[in-house]
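Each chain is listed here by its residues.
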Amino acid sequence: MARTGNGIMTIQTRPETGQAPPPTKTILRALAGETRPVPPIWMMRQAGRYLPEYRATRAQAGDFLSLCYNSDLAAEVTLQPIRRYGFDAAILFADILLLPQALGMDLWFVTGEGPRLSTITDKASFAALGGKDDIHDTLAPVYETVRILSRELPGETTLIGFAGAPWTVATYMIAGRGTPDQGPAHALKSENRELFRALIDRLTDSTIEYLSRQIEAGAEVAKIFDSWAGSLTGADFQDFVVAPCRRITRALKQRYPGIPVTGFPREAGEKYAGFARQTGVDCVALDNSVDPVWAAKHVQVDGCVQGNLAASHMVTGGAALVKQTRAIVAALSGGPHIFNLGHGITPDADPDNVHLMIDTVRSGFRGWP
Ligand code: CP3
């Protein structure tokens, strides 16, 4: 087996210790808890509309979903930011909403507006969903994208697989679209708790199967995106953010002990403290509302953190970008850190600002005061 993927088929144990050798890729070393002299770097939505080469490949595919399900073109757009910028990690090109589609829901994207789905509102619409093992036919092209990438990525680049967290995915399945306050999901949660719990459980189970297949195809890290975690509080945060993330993480670690997991409970605020301990994730991704000095003290104590430059700096650039990048690197330099944005880069970003960010992180860029 001469594959350069996650090494599941190739892990050599050291006869003296019976343990796998330590990782060599920078991202995997940070995820294993190593403090790196220069933090490794990648960027959420690094393959996206701010890049002309992405727009060209998307046009070739026809539309966004056709691009997600075309393994060759999805692999191509995943590789584009690696070629252009030399990031330390590539993230599989797909979307968190492919899972509801694989469970049998309708999904489409309205240009300029975002996703639309059929909705889960009652027992009957829930009963029509597929089971946790019924997803793989639809998602087979995604697994093929991972296989292509694990062959084609440079040897030093880590391949990140991902899924949406159950709560975030459920908000889209219940409302049929993105919502500013996740109102319909909150309403179902209080009006029909049993159905809501059943939906979260189905999503948790199918996410475990989805991420397992990505790992078997060559993903070296699993990232769980909980973009709307911040709208849950108190016991709801425990039940619908922490508990599903813990169940997914435990199941993956049982099946694939060497694969690190990153959690992203976006806008969780002070609930970021203790999140890694409560869920077992190896790394916590910080959104840009988190003060990195606070995060060093309260989150990084438990392991690696990722983040957290505001994506708006990729639009505005200049001295403010350099200053904030340096401040984040300095604040988190005492422990394991992966540099990233606090949320995805936006279509209006200037690709040159990404170079400025990378230069600042990697060489302590001196071109600005
Ligand atoms: O980070 C990456 O580059 C990997 C690919 C990726 C995409 N979406 C591609 C995408 C990942 C990890 C996601 C995650 C995702 N998708 C989340 C969680 C992270 C977050 O942003 O909060 C969510 C909530 C979605 C659902 C989704 N997909 C929405 C709400 C939208 C529309 C908004 C928008 O930016 O247009 C998408 C579309 C989408 N997903 C695009 C990309 C590159 C833009 C589609 C296009 O090319 O037109």
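Each remark here, short or long, concerns the structure printed above.
Residues numbered from 1 in each chain as written. Predicted model: local features only at pLDDT ≥ 70, side-chain atom pairs only at ≥ 80, totals over all residues. Heavy atoms only, no water.

*Asks:* Let's hear about the site of the ligand: which residues, and what values?
*Replies:* What surrounds the ligand is a group of 22 residues, the closest being R49, Y54, R58, D95 and S227. Taking R49, its side chain carries an N or O atom lying 2.7 Å from an oxygen atom of the ligand. D95 places a side-chain nitrogen or oxygen 2.7 Å from a nitrogen atom of the ligand. For the ligand, the accessible surface in isolation is 870 Å², of which the surrounding protein chains cover 87%. Its residues assigned to classes, the shell around the ligand comprises 15 nonpolar, three polar and four charged. (Near = heavy atom within 4 Å. Polar contact = N/O pair within 3.5 Å; in protein donor to acceptor, adjacent residues only side chain to side chain. Areas by Shrake-Rupley, 256 points an atom, 1.4 Å probe, with all protein chains shown as cover. Nonpolar A, V, L, I, M, F, W, Y, C, P; charged D, E, K, R; others polar.)

*Asks:* A description of helix α11 (residues 234-255) should follow, citing residues and the corresponding values.
*Replies:* With 22 residues, α11 extends 31 Å between its outermost C-alpha atoms, agreeing within 8% with the 32 Å of an ideal straight helix rising 1.5 Å per residue. By the largest-angle criterion, V242 marks the main kink of α11, which is about 30°, and a proline, P244, follows within four residues. Among the residues of α11, those classed as buried are D236, F237, F240, V241, V242, P244, C245, I248, T249, A251 and L252. If you follow the buried residues of α11, they end up packed against α8 (166-175), α9 (183-191), α10 (193-217), β5 (221-226), β6 (261-265) and α12 (275-279). (Helix = DSSP H or I, 4+ residues; strand = E, 2+ residues; numbered from the N terminus. Expected span 1.5 Å × (residues − 1). Bend = angle between axes of the 7 residues up to and from the residue. Buried < 20%, exposed > 50% of the residue type's maximum accessible area, 1.4 Å probe, protein only. Contact = heavy atoms within 4.5 Å.)

*Asks:* Tell me what's going on with unusual backbone geometry, and back it up with residues and numbers.
*Replies:* Cis geometry is found at the peptide bond from G307 to N308, where omega equals -10°. Topologically, N308 is positioned in strand β8 (residues 304-309). Unusually for a residue other than glycine, Q182 sits at a positive phi of about 55°. Inspection of the secondary structure assignment puts Q182 in the loop between α8 and α9. By relative accessible area, Q182 is classed as buried at 2%. At E267, a position not held by glycine, the phi torsion is positive, near 65°. Looking at the element boundaries, E267 is found in the loop between β6 and α12.

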